[in-house]
Structures are given as structure tokens and as C-alpha cells.
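One-letter residues, chain by chain:
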Amino acid sequence: MSTPPKDKKPLLSVRDLTIRFGGLVAVNNLKLDVFDGELVGLIGPNGAGKTTCFNMLTGVYSPTSGQIVFAGRSIVGLGPHKISAAGAARTFQNIRLFKEMTVLENIMVSLHARRNYNLATALLRLPRFFSQEKVLRSEALNILGNLGLEARAETYAKNLPYGDQRKVEIARALATKPKLLLLDEPAAGMNPIETAQLSGFIQEIRKKFSLSVLLIEHDMSLVMKICERIYVLDYGELIAEGTPSQIKSNKRVIEAYLGGGGLEKLSQEKNTAGGAHA
Amino acid sequence: MIEYFGQIFVLFGINVILASSLNVINGYCGLFSLGHAGFFAVGAYSSAAFTTLIAPEWTAQSPHLALLVSSLIAMGTAGIAGLAVGIPCLRLTGDYLAIATVGFGEIIRIVFLNMDVVGASRGMPGIPRLTTIPWVIVGAAFTLIILNNLIKSSFGRCIKSIREDEIAAQAMGVNVRFYKTFSFVVGSLFAGLAGSLFAHNQEFLHPSNFVFMISVSVLLMIVLGGLGSQKGAVLGAFIVTLLPELLRLNEFVSQIRMLVFGLIMILVMLVFPEGLLGLLKKGSLKNKFFKKAKNEPGFSGAPL
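Predicted, not measured: the structure shown is a model, and the values here were computed from it. (Residues numbered from 1 in each chain as written. Chains lettered and ligands numbered in written order. Predicted model: local features only at pLDDT ≥ 70, side-chain atom pairs only at ≥ 80, totals over all residues.)

**Observations concerning the overall build of chain B**
Across its full length, chain B carries 16 helices and zero strands. Relative to its length of 304 residues, chain B is compact, with a C-alpha radius of gyration of 19 Å against a globular reference of 19 Å. Each principal axis of the C-alpha atoms in chain B carries an extent, and together these give about 55 × 55 × 30 Å. Counting only residues that meet the buried cut, chain B has 52% of its 304 residues in that class. A separation of at least 24 residues holds for 77% of the contacts in chain B among residues at least 6 apart in sequence. (Helix = DSSP H or I, 4+ residues; strand = E, 2+ residues; numbered from the N terminus. Rg over C-alpha atoms; globule rule 2.2 N^0.38 Å. Buried ≥ 20, exposed ≤ 12 C-beta atoms within 10 Å, placed from the backbone. Contact = placed C-beta atoms within 7 Å.)

**Structural notes on the overall build of chain A**
Broken down by element type, chain A carries 11 helices and 10 strands. Against the globule reference of 19 Å for 278 residues, chain A gives a C-alpha radius of gyration of 20 Å, in line with a compact fold. Among the 278 residues that make up chain A, the fraction classed as buried is 40%. In chain A, the proportion of contacts linking residues at least 24 apart, taken out of those at least 6 apart, comes to 65%.

**Regarding the nonpolar core**
Ranked by internal contacts, the top residues of the largest apolar core, which has 161 residues, are I107 of chain A together with A194 of chain B. Considering every element that reaches this core, the biggest residue donor is helix α9 (residues 176-202) of chain B, with 13 residues. Every residue in contact with A194 of chain B, bar those within four places of it in the chain, is listed here: I14, I17, L18, F40 and G43 of chain B. (Core = buried A, V, L, I, M, F, W, Y, C linked by C-beta atoms within 7 Å.)

**Thoughts on the interface of chain A and chain B**
As a measure of interface size, the accessible area lost when the parts come together is often cited. Counting from both sides, the interface comprises 28 residues of chain A and, opposite them, 23 residues of chain B. Of the residues assigned to the side of chain A that touches chain B, the class counts are 14 nonpolar, six polar and eight charged. (Nonpolar A, V, L, I, M, F, W, Y, C, P; charged D, E, K, R; others polar.)

**Quick notes on unusual backbone geometry**
If you check the backbone angles, D16 of chain A has positive phi at about 50° while not being a glycine. Mapped onto the elements of the fold, D16 of chain A is located in strand β1 (residues 12-21). Positive phi is not limited to glycine here, since E203 of chain B has a value of about 70°. Here E203 of chain B is to be found in the loop between α9 and α10 (212-225). A residue is classified by how many C-beta atoms lie within 10 Å of it, and E203 of chain B, with 16 of them, is partly exposed.

**Remarks on the confidence of the model for chain A**
Residue and element names in this part refer to chain A. For chain A, per-residue confidence averages 86 on the pLDDT scale, and 90% of positions sit at 70 or higher. Ranking the helices and strands of chain A by mean pLDDT puts helix α3 (residues 103-110) first, with 94, and helix α11 (residues 262-272) last, with 52. Taken together, the stretch residues 273-278 has pLDDT below 50 and engages in 11 contacts with residues farther than four places along the chain or on a different chain. (pLDDT = per-residue confidence, 0-100.)

**Notes on the environment of E274 of chain B**
All names here are of chain B. Position of E274 among the secondary structure elements: in the loop between α13 (257-271) and α14 (278-281). E274 gets classed as partly exposed once you count the C-beta atoms within 10 Å, which come to 19. Between the C-alpha atoms of E274 and W135, which are 139 residues apart in sequence, the distance is 32 Å.

**Looking at the packing of α3 of chain A against helix α5 (residues 127-146) of chain A**
Residue and element names in this part refer to chain A. Where α3 contacts α5, the axes come no closer than 9 Å and their chain directions differ by 110°. Regarding the angle of α3 to α5, the classification is roughly perpendicular. Residues V103, L104, I107 and M108 of α3 form the contact with α5, whose participating residues are L136, A140, I143 and L144. Its residues assigned to classes, the contact of α3 with α5 comprises eight nonpolar, no polar and no charged. (Axes fitted to C-alpha atoms, helices over the stretch in contact; angles between N-to-C directions. Parallel < 35°, antiparallel > 145°, perpendicular 65-115°, else oblique.)

**Here's the deal with the environment of L22 of chain B**
All names here are of chain B. Along the chain, L22 turns up in helix α1 (residues 2-28). Separated by 96 residues in the primary sequence, L22 and V118 have C-alpha atoms spaced 26 Å apart. In this view, L22 contacts S33, H36, G187, V218, L219 and I222; residues no more than four positions away in its chain are not counted.

**Side note on the confidence of the model for chain B**
Residues and elements named next belong to chain B. Across chain B, pLDDT averages 87, with 91% of residues at or above 70. Ranking the elements of chain B by mean pLDDT puts helix α16 (residues 291-295) last with 44 and α9 first with 95. Confidence over residues 282-304 falls short of pLDDT 50; this stretch has 26 contacts with residues more than four positions distant or in other chains. Here the predicted complex carries an ipTM of 0.84, next to a pTM of 0.86.

**Details of the pairing of strand β10 (residues 237-242) of chain A**
All names here are of chain A. Judged from the five bridges that link them, strand β9 (residues 229-234) and β10 form a sheet pairing that is antiparallel. Its bridge partner lying in β10, D234 is registered against E237. Counted along the chain from β9 to the antiparallel partner β10, the turn is two residues long, and its residue Y235 has a positive phi close to 50°. (Pairing = 2+ DSSP bridges.)

**Some thoughts on the packing of α1 of chain B against helix α11 (residues 230-246) of chain B**
Residue and element names in this part refer to chain B. Closest axis-to-axis distance for the α1/α11 pair is 8 Å, and the angle between their directions is 140°. As judged from the angle between their axes, α1 and α11 are oblique. Judged by the sense of rotation from one axis to the other, the crossing of α1 with α11 is right-handed. Contacts between α1 and α11 involve I8, L11, F12, N15, V16, A19, S20 and N23 from the former and Q230, A233, V234, G236, A237, F238, V240, T241, L242 and E245 from the latter. Taken together, the residues that form the contact of α1 with α11 break down as 11 nonpolar, six polar and one charged. (Left-handed = near helix turned anticlockwise from the far one by under 90°.)

**Side note on helix α1 (residues 50-57) of chain A**
Residues that lie three or four places apart on an α-helix share one face, since the helix turns once every 3.6 residues. All names here are of chain A. Of all eight residues making up α1, seven are buried, and the element is well covered by its neighbours. Buried within α1 we find K50, T52, C53, F54, N55, M56 and L57. Phi turns positive, to about 85°, at G59, one or two residues after α1.

**Considerations on α5 of chain A**
Taking 1.5 Å of rise per residue, 20 residues should cover 28 Å, and α5 of chain A covers 29 Å from first to last C-alpha, within 8% of that figure. The complete set of buried residues in α5 of chain A reads F129, L136, A140, I143 and L144 of chain A. The arc that holds the buried residues of α5 of chain A, viewed along the axis, is 100°, so those residues lie on one side. Away from its buried face by more than 90 degrees, α5 of chain A exposes P127, F130, S131, K134, S138 and N142 of chain A. Buried residues in α5 of chain A make contact with α3, α4 (119-124) and α6 (162-174) of chain A together with α7 (154-164) of chain B. Where α5 of chain A ends, the next residue or the one after it, G148 of chain A, has phi of about 70°, a positive value. (Expected span 1.5 Å × (residues − 1). Arc of directions from axis to C-beta.)

**Looking at the environment of I83 of chain A**
All names here are of chain A. Along the polypeptide, I83 turns up in helix α2 (residues 80-86). Residue I83 is classed as buried on the basis of its C-beta count, with 24 C-beta atoms lying within 10 Å. Every residue in contact with I83, bar those within four places of it in the chain, is listed here: T58, G59, I75, L78 and A88.

What follows is the structure, given as C-alpha cells:
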């Protein structure tokens, strides 16, 4: 059983995180830690607040209350681009690639923070522009090569097959040189074989880029296989935290997924309106 | 007759500048702006004010230098106007942004309509005719080169990423508010340049030169040519400038030429919804006809 290293300071530390949309409390008093190099899962039934949580961590929403400390500083209230610069990169549940741009350009957008030329250099096409563009280009190709996507570099993102789109999204996030990678349902819409490949892929990039990963996923086989620790959300509340084996046998988790009252109630709900929220 | 063609050419050049500058805002950054005539007006009036009111003697002595200086002033003032309008407006998106920019475009026009130093509703006469065909060529080429260099740089990629997906762009570290304002200001800047060339071609300015319909016709040019393509903007400017003149050739059509022009525009948009350059992208019959052009590097209907 692996426990979080208590002596080390966490890379990401979330305390009492709450967000309200009008009367709806989407996430309530969330406490979550991610340590260096860890692979942490965040699971829960649909509508539990997982993506909302990601949106707060990446600055898309600002929380109603609570603290988020990332790499030693508070990131509450920072804009998404600043959080990205601080070293947290994400992918999206519904793929959000820059469709009318090539794969290479997609990656190069993420590299913009490391361009080494100013506007005048670009407008006047000074020699420095060409040499620095070359550097950016080779860096982007390098990232694509690392993920086995170099053959796709000149393809328009919209023309990629689904699995590759997911990979390019991860590659684009990696290009920002993150310390923490937030993956929002990377296995959504994948078949079991593709999911198995993805789990190898995630573990591989985690080593190659020495990342911490926070993963939202519905595919339990994937989560249980690769995550070291798992947090479970239900109706915005943290209901369980622990290793995969602890989570598997946790009564509240089973209730959240199957409904309280176990099988009896499940069959009832199925008969009425398919109202189980799992 | 030569003067007539010269005048059409000058207007074509000015329209190229207007269209390609709006293309940065609308085609590349995806901001639906309908206030371009306002920045065009700011450029026109400020440059004309310089050459006729502030330094008329100097302008008479060295007209070329005066046009250059007044064009730079026009770009500066239009850029500042773009910044002043952009900062509040760019908090809005989509249709709301379009409405707000329409409003600001009209506000600018009405300010000039009531500004007595530049003639208010009497108009502003006596502007020296400084715009020559070489100057228009220089201005349009300068605009196209600078904007092309901008778009094909890291800055341009950031601008395009906003058009593609604002949320993803932010998450990849693109400062969306900055780049939106930046592209809005760049667009206004070059609209100002167009204004300066226009003022010193027309010799007389009136607020009715800068009505909402001007913004619409500039938008028409870039949509007609194909949004997000500099070649499309040039092609669109060419058609929108030339087609109404060509329709003068037939005496009957001449009387209803704007009606025919409108009909042609509707037909073109129905047949080529992606703009005229969009047809090169698809495997249409016309593709064969354009094959030679298509093989040139970079010449495709795909947004650059």
C-alpha cells in the first residue's frame, strides 16, 4: 500500500475548495493533494463536479472560497494563461484542438512562451526570427517524435483520427513544459484496446517528462491500473480517498456508483426511469 | 479615361488595406467587428487635419514627406482609437461584440459630424491631393507584407489559436485578452493608413463617407474572398471595387447596377460559402481550371 509521502510538501495542495453557481454547490470543501511524480485519479459519477474542479484548478472558474497552492504559491484568482505559465497544463473532456491549424502549429502555440524574438523582429523578418523559429519548430517536432506523432506534423488537426487527436492534445499540453498534467477523461470514446494503449502512454510520458498527473476518468480499469491514489467525488463532496484497493472496497463509493440500498434499489430505479446517476 | 482607371485603382488599393486589416481582427482572431469605418474615419480626419490645418505650408513644400508623416499620424490616432474601443468591447464576444463595435463606429462618425474644427456636417474641404498611384501601391504592399509577417510568426499563431478555441488557447498559456486587443489595434492601425490615403485622394471629407455601410462592405470583401486568407482579402477587395464599375458598361444594367451587384453577391455566397478561395480547397470542377495556381506554395483555400 502506497501512502503519500507525508514529509514532502505537495506540488498541488487544495484546501476547503468550494464553488457555488447560484444555489447549486458544485464542489464543496474539497481537500486534495498531489505530490511530485504522483499519478492521482479523480473519479465520481457524472455531475459529481470533477471537471468543475479542473476548471478551478486551471483558472477557468474562480472558486467561491478555499485555497489552491501550486508549486509553493497560491493560484486562486490567476488567469488561465498565468496558471499555465506556472506549470499546470490540461487536456479537455471534449477535444479542443485548434482544428484549422496543423498539428505542428498546435504544438507551437504552446511553445509561444519560449519564443526568443520580439514583435519588431517578426514583422521585419530579421535573421533572428528565422533562427528562433527553427528552434521552436525543432522543439515541437521533438515533442511529437517523443509521442510517435512526427508523421502527423503537417496534418490539419481536424483531419486526425480520434485517438490521435487525444494524443495531440496531450502533446500540446506537454509542450508548455508542465510540472502537473491534468487529464480530463482521456479514455472517453476509446475501445478497450485503445484504453490499454493509453494507460501505457500515460505512464510513459510521466516518466519521460517527469510529471505529476491528475486524471479524471470513468474507465475504472484504467484508473485502478495506473493511479497511485484516488479521490472520489459525489455531488461535489469528497466521499473517499485512498489507494485503488481501498477505493474498490469502500462502501460509500459503491453506494455512490450504484445508488444507496445496493442492488435492490438499483433494479427499482432501472424499472422506473433509468434514474441511476452512474 | 486614364484618370477614371487611376481612381479605381486607388480605391482598390485602399480597399485592399481595409480588407486585409479587418482580416486580422475578423479572419484570424475571430472577432466579429463591424466598426472598421470608424477607425478609417479617425485616420482620414486626423491626417487631413495635419496636412490642411496644422502644417499646410510645409505640406505644400514637401508633399511626399507630408503624406508619409500624416499617414503615420493617421495610424497612430487610429491605433489609439482602436485601443480605446477595444479595451471595453473585447470583454464581449460574438454577436454582442459586433453590436458594440457598430455602436462605437457610429459614435466616432457622430463625433466628427459635430466637430467644428473639421467642418462638422459641412464637411472638410481643401485637402491637398497627395495620394498618387505609387503611394497606394507602397501602402498596400507595406500592409500586406507586415500583416503577412505578423500572421506567420509566433504572434500570429497565438492570434489564430484564439479564433480556433479561446478556452484551449488560454489553457496553453496564451494571454487571450492581450492578443485580442493587440489584433484589434493592429487592424485599426492599418485602417488609419487607408484613411489617410483616402482623405488625400478625395480632397474632401464628410462624415457620410464613413457610415456603417462602409464597415459592411469591408466585411463583404473578406467574406467574399474567404475569411482568414490574405489572398482572399485582396481578391475580395478587387471584386467589390471593380464589379460595380463593370456593371456600368451596359446602359440598362447601369441603372440598376447596385441591385445586380447585390444579387451577384448573394449568388456567390450561396455557391461558395467559404469564399472564393474556398473553392480552391475543395475538389470542385473549377479546381482543374485553377490547378496551376493551386500548385504555387501556400496558395490554397485553407486559412493560413
